[in-house]
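# What the coordinates show
One-letter residues, chain by chain:
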Amino acid sequence: MKSTSYVRLRMNFFALMVLCLGTFTSFNAKAVPAFARQTGQNCVACHAGGQFPELTPYGRLFKLTGYTIGTRTIPVSIMGEASLAKTQRVDATFEKDSELIFQTGSVFLAGKVTDNVGIFAQATYNNYSGDSGYQGTWTSDNFDLRFADRFVSASSDLIYGFSLNNNPTVSDVWNSAPAWIIYAPTQFGVTGPDSGPIVDGLGAQVAGLTAYAMWDNLLYAEIGAYKTANGVFSFLSQSVNDANQIKLAGSNPYVRVALTHEWGPHNIMVGAFGLNVNVYPDNTNQSGPTIQYRDRGIDAQYQYLLDPHTASAQFSYVRETINNGDVTGIATNPSNTLNSLRVKGTYIYQAKYGGSLSYFSTTGTADPTLYPNPTASPDTQGWTPELFYLPIQNIRVGLQYYAYQKFDGASNNYDGNGRNAKDNNTAFLYVWGAY
């Protein structure tokens, strides 16, 4: 994260490995076996082709109704993961390149609390964190506590609810939302844009309360506000270093709308969202002028679900405007823009054999203070092909490759030290399971 923009981040892609007879579960995803035990359904009922975390129409209904469908069971799942990453040209920061490692584990509290209340809460253990050595730490991860109700009549169907969560768009039910569009990430190698809009960087740092409604399975709307997760809400950002936590001024509005339609084995959605965030430039001094971030996004999703075939596509575009206002020394320009484009297509056969192709592009205003490299630009583009196999419904084995066309504004010598974009090309092998 660039200290001057508060939006620098790596698109961390995870993987999971089964430890003892399949006792690991999925990381940062809603493929929680506690939900399957509660509903009595297998993974493909809620997840497209069994490809967690992408939700089917039934999976979206389960989430919208507050994780309350089914009968209460023991609401606990666990997880673990291992991965191996190989970067084309290693530099000193990639300490675990070409090493098979145990990376993370999670414990989930997930399921029905009452007929109207349900929860998805995740605590994650990072076995490797920081720039040197193993530093095992427990941290808060995705959190979504919901109240929901439903009114059905002969002429209409209305689902409404409230969500307390710690990540804008994590409450969303479509995988074109920023929190969900690209999954199976790794923390090692160079695996995504070096900069991104702030909507991508607030997870486990903020507390938000949103209200949502779905009318006739056609129109979805959500509105809410986010603040720094401190004080009574500090459990939502547990173990986040206070000096590194993004500090927001007051409450910051979020809005989401979407139109969706289902016919036969097809379903489609087109939507838009917006987030306004005011950030203190100095995390240790929550007073004075702030930097204003204005994120505006459009997205779309298509699914074809008819056994033995599953196909899906997602599109997301976010334009961010950054106004530095009266803050001095943060950027050369008084205002900057950042544009994030992500596109993904997936095909799965028999809920076992699959492949996907993703494209990512980040472009923005050249600013030598924010991006101190020869091009002074955040521009990064590339492709991510993937092949994966699900031997059983709750285990996925995959191989991804990140192929860079441009990094930090250039294809060649982007850092002034002879490193080219293609030097960051990274192969990533993972095993991802759920129990």
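Residues numbered from 1 in each chain as written. Predicted model: local features only at pLDDT ≥ 70, side-chain atom pairs only at ≥ 80, totals over all residues. Heavy atoms only, no water.

Scanning the protein chain from terminus to terminus reveals 3 helices and 16 strands. Residues counted as buried form 55% of the 435 residues belonging to the protein chain. Counting contacts in the protein chain only where the partners sit at least 6 residues apart, residues at least 24 apart contribute 65% of the total. A total of about 16,800 Å² of accessible surface is found on the protein chain, and carbon and sulfur atoms cover 60% of it. (Helix = DSSP H or I, 4+ residues; strand = E, 2+ residues; numbered from the N terminus. Buried < 20%, exposed > 50% of the residue type's maximum accessible area, 1.4 Å probe, protein only. Contact = heavy atoms within 4.5 Å. Areas by Shrake-Rupley, 256 points an atom, 1.4 Å probe, with all protein chains shown as cover.)

Glancing now at a nonpolar patch on the surface. A contiguous nonpolar patch, built from I74, V76, I78, V107, L109, W138 and Y435 and spanning about 670 Å² of accessible area, is present on the exposed surface. Secondary-structure elements contributing two or more residues to the nonpolar patch are β1 (76-87) and β2 (101-112). The residue V107 is located in strand β2 in this model. Residue V107 is classed as partly exposed on the basis of its relative accessible area, which comes to 36%. (Patch = residues over 30% accessible without salt bridge, like charges linked within 9 Å, V, L, I, M, F, W, Y side chains within 5 Å. Salt bridge = Lys/Arg side-chain N within 4 Å of Asp/Glu carboxyl O.)

Turning our eyes to something else, we now look at the pairing of strand β5 (residues 157-165). One face of the sheet, then the other: side chains in a regular strand alternate in exactly this way. With 9 bridges joining them, strand β4 (residues 137-152) and β5 adopt antiparallel strand pairing. Across the sheet, residue F147 finds its bridge partner in β5, namely F162. The turn linking β4 back onto β5 is made up of 4 residues. Relative to strand β6 (residues 206-215), β5 is paired through 8 bridges, and the arrangement is antiparallel. Counted as the bridge partner of Y160 is A213 from β6. (Pairing = 2+ DSSP bridges.)

Using the criterion set out here, one finds 7 salt bridges in the structure. Residue D423 pairs with R89 through a salt bridge whose shortest N-O separation is 3.0 Å. Of this pair, D423 sits in the loop between β15 (395-406) and β16 (426-433) while R89 sits in the loop between β1 and β2, and the two are 334 residues apart along the sequence. Across the pair R256 and D172 runs a salt bridge, and its minimum N-O distance is 2.6 Å. Here R256, found in strand β8 (residues 252-263), pairs with D172, found in the loop between β5 and β6; they are 84 residues apart in sequence, far enough to count as distant. This pair shows no difference in class: R256 is buried, exactly as D172 is. Taken together, the shared-partner salt bridges in this structure form one network comprising D172, R256 and D299.

With that settled, the discussion passes to the side chain of Q38. Within the fold, Q38 resides in helix α1 (residues 33-39). The class for Q38 is buried, based on a relative accessible area of 5%. A polar side-chain atom of Q38 sits 2.9 Å from the main-chain carbonyl oxygen of Y67. At 2.8 Å, the side chain of Q38 forms a polar contact with the backbone nitrogen of K112. (Polar contact = N/O pair within 3.5 Å; in protein donor to acceptor, adjacent residues only side chain to side chain.)

Scanning the model with the defined rule gives 20 aromatic pairs in all. Ring centres of F52 and W432 lie 5.1 Å apart, and the angle between their planes is 85 degrees; on these two criteria the pair is classed as edge-to-face. Within this pair, whereas F52 is found in the loop between α2 (43-46) and α3 (57-64), its partner W432 is found in strand β16, the two being separated by 380 residues in sequence. Measuring from centroid to centroid gives 5.6 Å for F143 and F235, while their planes differ by 80 degrees, and the two rings are edge-to-face. Of this pair, F143 sits in strand β4 while F235 sits in the loop between β7 (219-228) and β8, and the two are 92 residues apart along the sequence. One cation-aromatic arrangement involves R396 over F52; the distance from NZ or CZ to the ring centre is 5.6 Å. Note that R396 overlies the ring of F388, its terminal NZ or CZ placed 5.1 Å from the centroid. (Phe/Tyr/Trp six-rings, centres within 6.5 Å; stacked < 30°, edge-to-face > 60°. Lys NZ or Arg CZ within 6 Å of the ring centre and 35° of its normal.)

A separate point is unusual backbone geometry. In most cases, non-glycine residues show a negative phi, while peptide bonds are predominantly trans. Cis geometry is found at the peptide bond from F52 to P53, where omega equals 10 degrees. Within the element layout of this structure, P53 appears in the loop between α2 and α3. A cis amide bond, omega 10 degrees, links D307 with the succeeding residue P308. For P308, the location among the structural elements is in the loop between β10 (291-306) and β11 (309-323). Positive phi, close to 55 degrees, is recorded for D216, a residue that is not glycine. With respect to the helices and strands, D216 occurs in the loop between β6 and β7. Among the residues examined, D216 registers a relative accessible area of 29% and is labelled partly exposed. Although it is not a glycine, Q350 adopts a positive phi angle of roughly 55 degrees. By the element assignment, Q350 lies in the loop between β12 (335-349) and β13 (353-364).

What follows covers the state of the cysteines. Here the structure, examined in full by the defined rule, presents 0 disulfides. Between C43, a cysteine without a disulfide, and C46, which holds the nearest cysteine sulfur, the sulfur-to-sulfur distance is 8.5 Å. Judged by its relative accessible area of 12%, C46 falls in the buried class. (Disulfide = S-S within 2.5 Å.)

Before going further, it helps to examine the confidence of the model for the protein chain. Averaged over all residues, the pLDDT of the protein chain equals 86, while 88% of them reach at least 70. Note that pLDDT drops below 50 for residues 1-30; the model gives that stretch 158 contacts with residues more than four away or on any other chain. (pLDDT = per-residue confidence, 0-100.)

In this section: the environment of V152. Positionally, V152 belongs in strand β4. Judged by relative accessible area, V152 falls into the exposed class, the value being 58%. It is 9.2 Å that separates the C-alpha atoms of V152 and D216, two residues lying 64 residues apart in sequence.

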